[in-house]
There are 2 protein chains.
Amino acid sequence: MSTPSLSNRHYILKARPEGPPDRSHFELREAPVREPGDGEVLVRTRYLSVDPTNRIWMSDMKQYMPPVNQGEVMRALGVGVVERSRHPDYGAGDLVSGLLGWQDYNVAAPGDLALTRLPALDVPLGAFLCPLHVTGGFTAYVGLFDIAQPRPGETIVVSGAAGSVGSLVGQMGKIAGCRVVGIAGSDAGCRYVTEELGFDACINYRTEDVAAALDRACPQGVDIDFENAGGDILDTVLDKMNLFGRVTICGLISTYNDKQPRPGPVRFPLILMQRLRVQGFVITDHQARFPEAFEKIHGWIKEGRIKWRERVVEGLENAPDALGMLFQPNKIGKLLIKVSE
Amino acid sequence: MSTPSLSNRHYILKARPEGPPDRSHFELREAPVREPGDGEVLVRTRYLSVDPTNRIWMSDMKQYMPPVNQGEVMRALGVGVVERSRHPDYGAGDLVSGLLGWQDYNVAAPGDLALTRLPALDVPLGAFLCPLHVTGGFTAYVGLFDIAQPRPGETIVVSGAAGSVGSLVGQMGKIAGCRVVGIAGSDAGCRYVTEELGFDACINYRTEDVAAALDRACPQGVDIDFENAGGDILDTVLDKMNLFGRVTICGLISTYNDKQPRPGPVRFPLILMQRLRVQGFVITDHQARFPEAFEKIHGWIKEGRIKWRERVVEGLENAPDALGMLFQPNKIGKLLIKVSE
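Note that the coordinates shown come from a computational prediction; the quantities given were computed from them, not determined experimentally.

Draft legend 1. Seen up close, the UniProt feature "domain: Enoyl reductase (ER)" (unreviewed entry) in chain A. The positions UniProt marks with the feature "domain: Enoyl reductase (ER)" (unreviewed entry) are residues 19-337 of chain A. Structurally, residues 19-337 of chain A comprises 25% helix and 25% strand, and the distance from its first C-alpha atom to its last is 22 Å.

Draft legend 2. Representation of the domain arrangement of chain A in the model. Residues and elements named next belong to chain A. Each assigned domain of chain A is listed with its residue range as follows: domain 1 (2-126 + 309-338) and domain 2 (137-284). On the side of domain 2, 17 residues touch domain 1, which itself brings 17 residues to the contact. Approximately 1500 Å² of surface area, both sides summed, lies buried where domain 1 meets domain 2, with 64% of it carried by carbon and sulfur atoms. Counting the surface domain 1 buries against domain 2, the share from its top three residues, R309, P329 and I332, is 33%. Where domain 1 packs against domain 2, one counts 1 salt bridge. Measuring nitrogen to oxygen at the nearest pair gives 2.6 Å for the salt bridge that ties E196 to R309. Along the contact surface separating domain 1 from domain 2 lie 5 residue pairs in polar contact (both at pLDDT 80 or more). Of all the elements, helix α1 (residues 52-58) adds the most residues to the side of domain 1 that touches domain 2, at 3 residues.

Draft legend 3. A look at the pairing of strand β15 (residues 334-338) of chain A. Residue and element names in this part refer to chain A. In terms of burial, β15 is largely enclosed, as 5 of its 5 residues are buried. Burial along β15 is two-sided: the face carrying K334, L336 and K338 and the face carrying L335 and I337 are both buried. Pairing of strand β3 (residues 41-49) with β15, which is carried by 3 bridges, proceeds in the antiparallel orientation. Across the sheet, the residue bridging to S49 is L336, located in β15. Pairing analysis gives 5 bridges linking strand β14 (residues 310-314) to β15, with the strands arranged parallel. When the sheet's bridge partners are listed, V312 is paired in β15 with L336.

Conventions used here
- Residues numbered from 1 in each chain as written.
- Chains lettered and ligands numbered in written order.
- Predicted model: local features only at pLDDT ≥ 70, side-chain atom pairs only at ≥ 80, totals over all residues.
- Heavy atoms only, no water.
- UniProt positions renumbered as here; feature names shortened; annotations may be inferred.
- Helix = DSSP H or I, 4+ residues; strand = E, 2+ residues; numbered from the N terminus.
- Domains from an automatic or database assignment.
- Contact = heavy atoms within 4.5 Å.
- Buried area = accessible area lost by both parts, 1.4 Å probe.
- Salt bridge = Lys/Arg side-chain N within 4 Å of Asp/Glu carboxyl O.
- Polar contact = N/O pair within 3.5 Å; in protein donor to acceptor, adjacent residues only side chain to side chain.
- Buried < 20%, exposed > 50% of the residue type's maximum accessible area, 1.4 Å probe, protein only.
- Pairing = 2+ DSSP bridges.

This is the structure in structure tokens:
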């Protein structure tokens, strides 16, 4: 039975991009919303999270989840509100997060959306897609504390410093007693992380000689590289790694639009010579750590030690453009799509 | 005061090689042996160990010890006998191992040679340069059990399988209850590790399609890559790594003669997608583990569970040729130089 009063706009993946994603790879469709069946909920999307991993899902490269198939709704994390519920654990008005996708509405069993009810906290709703979710804070927390394992006095370099994860990694690195050096793609991004977030230094990789700038910013060398970028930046940082350094590979955004696989870092042998530990991680493997991450980060937010910014694109119809913005070098803060009030 | 009866032949590093090392990079000199001073010992070299790391020391690349400088005696590990001692912990006739270098004699404080007295065991002397030393067994033991951390039922791929470290890694992998697949450069090497050492399979990288052969030999994928080779072999194995696999970088011998740094593996992004842990290690960092490694390996030798082969080049004067042999693909067993009886 459909619900004539509600119509669901949804973007399907029309074609896999080779190179940067744009509108041509998606098609906006519309369909009536059906009534939830037994055990199902109807969720209205409020915000969608725009993440580098969205680009991975669009490709058929070897990846950590099944890719989105052509003809399927584009996958995305989001927050929304339960409009109707025929599931005992959810009621109308509940705020939730989950894999809502690029669409106005979902009608599904909560498990199929990886749905989580949001606690009532005095934080803006967008916080649940940035510091208090996998798309920001949880990834920073697990990647830094569990994978990279910083010790006080060490030097952390973080690429994508002004972005959702990078900006939080840097602030957590300061909380851990480390020197934190960001790498970002704009002077505004560098100012943001040094002046507002407390990073010790930040390098604009588009205007500076990154190797020379790292030498200046990291007089004791680099103990931890929290890698969001990959490519030449990673290669340059590798050259500065101290003995027993850790390279935590959270993302390789500079490579996601490559049409052909590119060679790995020329300095790969330094992994041996400097006894580095290079470790990739994907936050969905670490769900057991989410409660602790949530509690810690919420505490730091209340104490004013963790800050973040949102950059909101209005309207589901603009989702493809929002995704494209993610690959611009001047991005600052967490990119969100506002789908409804 | 010199000892006119003893003359010390010694090879100095004359020129840093670009490409494979040969005689032109060394010069054989001779000098009288001086009397040991207070706190010093006079050690006669019996065997020298020929190791890929010797080639690293000849270059000025960033490395884990200072390189050998031009004009200095070529560095090498060896076993020898104390001929005279003015050190309270050593007496004439003691068998020792240490950084003896490419020479007939050393006169030095024991600490300057990193000297260790060899225990009296019923094993051939060469054992102390292979299963019972850093140049073989200790490296295999620490690299496998501490760094790679195998679990029973996992699949281990080891390159340089017929060599000193690789052949021991494979046997220890079997002891750990794993499936072990070697990669070697000759059919004879492959037969050696499968028929004599108990590897489950071995791939000749010079005659087989390594990717297809890995698919056949590793039906459950690869959990541990114990990497001695690097280059294309590493890149091919990366493509077969299971989720949460470990790549233990013990050596990258295929790259040591490169005149220009070569790009890293094309499949570097799989470190992220498969959540791999890629870790370099150098055995000299792990001295605290040597007693346990020694005890375990000696026990396995006595039980017949660990075997090895020596390939002995006679005469110090042939040391440069012996080093060259290390870079031939058909090497089997531990390469030693016999310097004196």
